[in-house]
Amino acid sequence: MDITKVSALQLSKAIRSKELTVKEAVLAQLNEIRKREPLYHCYISILEEQAIKRADEVQKKIEQGEYSNSLLAGVPVAIKDNICTKGIKTTCASHMLSEFCPLYDAEVITRLEAAGCIILGKTNLDEFAMGSTTETSYFGVTKNPNHINYVPGGSSGGSAAAVAGGEAIIALGSDTGGSIRQPSSFCGVVGLKPTYGMVSRYGLIAYASSLDQIGPIGRTVEDCTAILQIIAGKDEKDSTCAVNTVSPSLKAIRQSIQGKRIGLPVEYFEEGLSKEVRIAILKVIEVLKECGANIEEIKLNTSIYGVPAYYILACAEASSNLSRYDGVKYGFRASKYEDLSELYKETRSLGFGTEVKRRLLIGSFVLSSGYYDAYYNKALKAKNILREEFHLAFEKVDLILTPVAPTTAPKLGESLFDPLKMYLGDSYTVPVNLTGLPAISVPCAKDKNNLPIGFQLIGKPFAEQEILQTAYQYERTVQKGEK
Ligand code: GLN
């Protein structure tokens, strides 16, 4: 069994039917990490000892008949390093939290462990999940396994590159403005951003709390479905978590999509979209038609407000969320200061990187009394208009199909000096976060440099099943065609 190609479901099945032990699986994965990590740098921490120890524990339980219904028992999982793991460094790829060890596990970690998964390591990201390239990490850049001169996308670039580059079978990321979907698209793997409230944010280090959501990155749509089942659902510790959510079963997503109405918003195919991405999406349309879907054009006029509204709201929330890093409570503290105000100033000046500082400044500015109405309140209004327009669109169609990003992955070192251009690259993903909707990124083609292209399917609130079902039918049809 090739650990770099197998799906998580296949691996767990093999473990539960005694074809291999959990320890063998974990050791095989660690071995691949050792070989590939110098090239890709997907991880901030690799939990070698813990993972091996835990593999033995899980194996014992499997032998005692536990986890018989757990589809991912024994599977090693990589975790984005902004998700808290008890006693294990959780750095947010920042200097500020470079030595931070949480006292508790995030709810998603507790659930993965209860399902018999093994936490394998903590993956790289843009500092505090702010970015689109994984180049702003305090721990160095991650490279795209499809072509190491290119970025893996961001901010969950470590998780996506690990899955694409054979360093993890499945991973968790977080998505505030596209950070699961865009790196998944750039690396050629499947990434799902669940509906806001579908998955507990307890223990996810906050960037912009009204937009943040944890979700899976995997090699297949089925793997993402299986892990969503484990992590989704009500959590008393997160009051924004929905109460009556039902995450789709594998059986449900295998149903036909005959007659499904899929909308193509014309605004997502206008200026700025690269030719290669456009052609790739046109081919996706043909495959979906073959699967029985009805495709129609729709209008989402207000989408142009997505990027400005997102960057105002996300920065505003970040400036409030990150005010806790003051050198007093926890995290990094500057060594030289005269008084309290200098302690704050020095700690924050030295502890945050350039991109984070830029966003904290924007956030404080748009929230300041003189500008609150002009920026923050206006952005909230724009968000409501977007929400309304998506709501109306979903009266006509079941799902919306768009590109994930206007281009494929940029070269390493090309994005950070032009932040505005980088922010515009989020045009197709941020409306989903502003409206709280679920969306998936599915690989569909490669460009002339061998860089993957993904398409995005957006659904109604809590319509994860329709999204996964359509993505699954697409994946299956394409695979059949390749055979
Ligand atoms: N690229 C977006 C940003 O920089 C999205 C980040 C995210 O989803 N965490 O804000």
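Above: the structure in question.
Everything numeric in this text was worked out from a predicted model, so none of it was measured.

K.L.:
Help me understand the overall build of the protein chain, please; the structure alone is not making it clear to me.
P.N.:
Within the protein chain one finds 16 helices and eleven strands. In terms of overall size, the protein chain behaves like a compact globule, its C-alpha atoms giving a radius of gyration of 21 Å where 483 residues would be expected to give roughly 23 Å. Referenced to the eigenvectors of the C-alpha coordinate spread, the extents of the protein chain come out at roughly 65 × 55 × 45 Å. The buried share of the protein chain, reckoned over its 483 residues, is 61%. Contacts in the protein chain between residues far apart in sequence, at least 24 positions, make up 76% of those at least 6 positions apart. For the protein chain, the exposed surface amounts to about 19,100 Å²; the carbon and sulfur share of it is 52%. Taking the average location of the 55 positive side-chain charges in the protein chain and that of its 55 negative ones, the two points are 2 Å from each other.

K.L.:
What should I look at first to understand the site of the ligand in this one?
P.N.:
Residues in close proximity to the ligand total 15 residues, the closest being T176, G177, S179, Y207 and Y310. Separating an oxygen atom of the ligand from a backbone N or O atom of T176 is a distance of 2.7 Å. For the ligand, the protein covers 99% of the area, taking 290 Å² as the surface of the free molecule. Most atoms of the ligand, that is more than half of them, are within 2 Å of grid points of the largest cavity. A breakdown of the residues in the shell around the ligand according to their chemical character gives five nonpolar, seven polar and three charged.

K.L.:
Looking at this structure, I do not really get helix α12 (residues 354-367). What am I missing?
P.N.:
For an α-helix the count is 3.6 residues per turn, leaving residues at separations of three or four pointing the same way. The end-to-end C-alpha separation of α12 is 20 Å, in line with the 20 Å expected for 14 residues at 1.5 Å each. Looking at the buried positions of α12, the neighbouring elements they touch are α10 (306-321), α11 (340-351), α13 (372-396) and α14 (419-424).

K.L.:
In this structure, what is going on with the packing of helix α2 (residues 22-40) against helix α3 (residues 48-63)? I would like to understand it.
P.N.:
Helix packing for two helices is described by the angle between their axes and how far apart those axes are. Contact geometry of α2 with α3 gives a least axis separation of 8 Å together with a crossing angle of 155°. Overall, the two elements α2 and α3 adopt an arrangement that is roughly antiparallel. For the crossing formed where α2 meets α3, the hand is right-handed. Where α2 approaches α3, its residues V22, K23, V26, L27, L30 and R34 are matched on the opposing element by E48, A51, I52, A55, D56, V58, Q59 and I62. When its residues are assigned to classes, the contact of α2 with α3 shows nine nonpolar, one polar and four charged.

K.L.:
For this particular structure, what's the right way to read the sheet that holds strand β2 (residues 76-80)?
P.N.:
Backbone hydrogen bonds are what pair the strands of a sheet, in a parallel or an antiparallel way. Taking strand neighbours across the sheet as the criterion, the eleven strands line up as β1-β3-β2-β4-β6-β5-β10-β11-β9-β7-β8 in an open arrangement whose pairing is mixed. Among the strands making up the open sheet, the edge pair consists of β1 (43-46) and β8 (294-298). Within this sheet the neighbouring strands show an average axis-to-axis angle of 30°, counted without direction. Here α13 sits on the sheet and contacts β7 (261-265), β8, β9 (399-403) and β11 (452-459); the angle it forms with β9, its principal contact strand, is near 115°.

K.L.:
What's the story with the nonpolar core in this structure? I'm lost.
P.N.:
Grouped burial of nonpolar side chains is what soluble globular proteins tend to show. Core analysis: the largest hydrophobic core is formed by 147 residues, its most contacted members being L112, F128 and L401. The biggest single contributor to this core is α10, with ten residues. Those residues within four positions of F128 in sequence are excluded, and the remaining contacts are C92, S94, M96, L97, I205, Y207, L322, Y325, F352 and V356. One finds Y150, V151, A405 and A409 within the second-largest nonpolar core, a separate group that totals six residues.

K.L.:
Any chance you could explain the packing of helix α4 (residues 107-114) against helix α7 (residues 221-231) here in plain terms?
P.N.:
Running from N to C, α4 and α7 point in directions that differ by 110°, and their axes come no closer than 8 Å. In this view, α4 runs roughly perpendicular relative to α7, as classed from their interaxial angle. Residues V108, R111 and L112 of α4 form the contact with α7, whose own contacting residues are I227, I230 and I231.

K.L.:
Help me out: how do you make sense of the packing of aromatic side chains in this one?
P.N.:
Both the distance between ring centres and the angle between the ring planes are used here to describe each pair of aromatic rings. In total, this model carries 15 aromatic pairs according to the counting rule given. Look at F128 and F352: their rings are 5.9 Å apart centre to centre, the planes differ by 70°, and that puts the pair in the edge-to-face class. Highlighted residues: F128 in the loop between β3 (118-123) and α5 (157-164) and F352 in the loop between α11 and α12, separated in sequence by 224 residues. F352 shares its class with F128; the two are buried.

K.L.:
Is there a simple way to think about the side chain of D235 in this case?
P.N.:
Along the chain, D235 turns up in the loop between α7 and α8 (250-253). Here the side chain of D235 touches S200 through a polar contact of 2.6 Å, side chain to side chain. Among residues more than four places away in sequence, those in contact with D235 are E107, R111, S200, Y202 and C241.

K.L.:
What exactly am I supposed to notice about the pattern of salt bridges here?
P.N.:
Pairs may arise between side chains of opposite charge once their charged atoms sit close together. Going through the model one piece at a time under the given rule, you end up with 24 salt bridges. In this structure, the salt-bridge partner of E99 is K89, at a minimum N-O distance of 3.5 Å. On the criterion of sequence distance, the pair formed by E99 in the loop between β2 and α4 and K89 in the loop between β2 and α4 is long-range, its members being ten residues apart. Accessibility expressed as a relative area gives 60% for E99, which makes it exposed.

K.L.:
What's the story with the environment of Q258 in this structure? I'm lost.
P.N.:
By the element assignment, Q258 lies in the loop between α8 and β7. The spatial distance from the C-alpha of Q258 to the C-alpha of N377 is 43 Å, given a sequence separation of 119 residues. Excluding residues that lie within four positions of it along the chain, Q258 makes contacts with C291 and G292.

K.L.:
What is the right way to read empty space enclosed by the protein from this model?
P.N.:
Empty space among the atoms can be located by rolling a probe the size of a water molecule over them. In this structure the tally under the stated criterion is three cavities of 30 Å³ or more. Quantified by volume, the largest cavity comes out at close to 90 Å³. Lining the largest cavity are 16 residues, with G131, G177, S179, Y310 and D426 positioned closest to its centre. Here the second largest cavity is characterised by a volume of approximately 50 Å³. If you trace the second largest cavity, you find it lined by N82, C92, F128, A129, S174, T176, L204, I205, A206, Y207 and D212. Residue composition of the lining of the second largest cavity, grouped by class: seven nonpolar, three polar and one charged.

Parameters and conventions
- Residues numbered from 1 in each chain as written.
- Predicted model: local features only at pLDDT ≥ 70, side-chain atom pairs only at ≥ 80, totals over all residues.
- Heavy atoms only, no water.
- Helix = DSSP H or I, 4+ residues; strand = E, 2+ residues; numbered from the N terminus.
- Rg over C-alpha atoms; globule rule 2.2 N^0.38 Å.
- Buried < 20%, exposed > 50% of the residue type's maximum accessible area, 1.4 Å probe, protein only.
- Contact = heavy atoms within 4.5 Å.
- Areas by Shrake-Rupley, 256 points an atom, 1.4 Å probe, with all protein chains shown as cover.
- Lys, Arg positive; Asp, Glu negative; His and termini not counted.
- Charge placed at Lys NZ, Arg CZ, Asp CG, Glu CD.
- Near = heavy atom within 4 Å.
- Polar contact = N/O pair within 3.5 Å; in protein donor to acceptor, adjacent residues only side chain to side chain.
- 1 Å grid on protein atoms, 1.4 Å probe; cavity = no way out; pocket = protein on both sides within 12 Å on 5 of 7 lines; lining within 4 Å.
- Sits in = over half its atoms within 2 Å of the grid points.
- Nonpolar A, V, L, I, M, F, W, Y, C, P; charged D, E, K, R; others polar.
- Expected span 1.5 Å × (residues − 1).
- Axes fitted to C-alpha atoms, helices over the stretch in contact; angles between N-to-C directions.
- Parallel < 35°, antiparallel > 145°, perpendicular 65-115°, else oblique.
- Left-handed = near helix turned anticlockwise from the far one by under 90°.
- Pairing = 2+ DSSP bridges.
- Core = buried A, V, L, I, M, F, W, Y, C linked by side-chain atoms within 4.5 Å.
- Phe/Tyr/Trp six-rings, centres within 6.5 Å; stacked < 30°, edge-to-face > 60°.
- Salt bridge = Lys/Arg side-chain N within 4 Å of Asp/Glu carboxyl O.
- Points joined across faces, edges and corners; volume = space filled by probe spheres on them.

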